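# Chains, contacts and geometry: an overview
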Amino acid sequence: MARERTISIIKPDGVEKNIIGEIYRRLEAAGLEIVAARMLHLTGEQAGKFYAVHRERPFYSDLVSYMTSGPVMVQILEGDDAIDKNRQIMGATDPAKADPGTIRADFASSIEENVVHGSDGPETARQEIAFFFSDDQICPRTR
Ligand code: ATP
Ligand code: MG
């Protein structure tokens with residue numbers, strides 16, 4: 001198992017539900033370590049760029065509105081198999097299809113307002129980390 005870094009975002013509905021701590025608890029219980037974190041309120045330009053891969057999808061403009069509707073909490077998670085591990089803890093995009101006990105099954109209200117984001121592969125993880133953090137904002141564990 002490779003040691004990896006990935007981006008996790010608690011989306012505006014997750015911040016509104018006041019479950020940042022609960023989500024961190026689940027990630028940490030799975031052995032993932034937070035090595036950087038910041039809260040920000042995305043601009044339309046930032047959200048549009050972040051989800052540019054979905055530009056042609058019918059839900060794109062709603063997705064940008066949703067992601068800019070309130071602050072988000074962004075973190076870099078580090079650990080063995082971090083990319084897939086985070087996606088497993090999140091659950092499927094559609095909460096109705098998410099496995100019981102996943103974040104989306106427990107907290108998401110719809111396929112759009114689904115509480116969390118996670119990078120979907122090594123290349124996306126690299127791009128998303130660079131999107132939100134400079135090297136000097138990342139704090140590798142020293143103990
Ligand atoms: P994310 O990229 O946010 O981690 P994901 O990888 O599970 O989620 P994607 O297919 O990349 O799912 O979709 C990005 C986001 O767009 C979803 O998390 C959701 O907020 C929104 N979305 C996806 N599909 C739909 C849809 N059919 N209708 C409305 N919103 C959608
Ligand atoms: Mg995705």
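Attention here is on the structure that accompanies the text. (Residues numbered from 1 in each chain as written. Chains lettered and ligands numbered in written order. Predicted model: local features only at pLDDT ≥ 70, side-chain atom pairs only at ≥ 80, totals over all residues. Heavy atoms only, no water.)

On to the sheet that holds strand 1 (residues 3-10), then. On the basis of which strands lie adjacent, the open sheet formed by four strands has the order 2-3-1-4 and antiparallel pairing. Each of the sheet's edge strands pairs with one partner strand only, and the pair in question is strand 2 (33-40) and strand 4 (116-118). This sheet shows a mean twist of 20° between the axes of neighbouring strands, independent of strand direction. Its contacts with the sheet place helix 5 (residues 82-90) against strand 1, strand 3 (72-80) and strand 4, and it is angled at close to 35° to strand 1. (Pairing = 2+ DSSP bridges. Helix = DSSP H or I, 4+ residues; strand = E, 2+ residues; numbered from the N terminus. Axes fitted to C-alpha atoms, helices over the stretch in contact; angles between N-to-C directions. Contact = heavy atoms within 4.5 Å.)

Right, let's get into the site of ligand 1. The environment of ligand 1 is formed by 14 residues, the closest being Y51, T93, E112, N114 and H117. Within the backbone of E112, a nitrogen or oxygen atom sits 2.8 Å from an oxygen atom of ligand 1. A distance of 2.8 Å is found between an oxygen atom of ligand 1 and a side-chain nitrogen or oxygen belonging to N114. Among the residues making up the shell around ligand 1, the classes are represented as five nonpolar, five polar and four charged. (Near = heavy atom within 4 Å. Polar contact = N/O pair within 3.5 Å; in protein donor to acceptor, adjacent residues only side chain to side chain. Nonpolar A, V, L, I, M, F, W, Y, C, P; charged D, E, K, R; others polar.)

All told, the structure shown has four aromatic pairs when counted by the stated rule. Ring geometry for F50 versus F132: centroids 5.5 Å apart, planes at 50°, classification tilted. With a gap of 82 residues between them, F50 in helix 3 (residues 44-50) and F132 in helix 7 (residues 122-132) connect regions that are remote in the sequence. Of the aromatic side chains, those joined through ring pairs into one cluster are F50, Y51, F131 and F132. (Phe/Tyr/Trp six-rings, centres within 6.5 Å; stacked < 30°, edge-to-face > 60°.)

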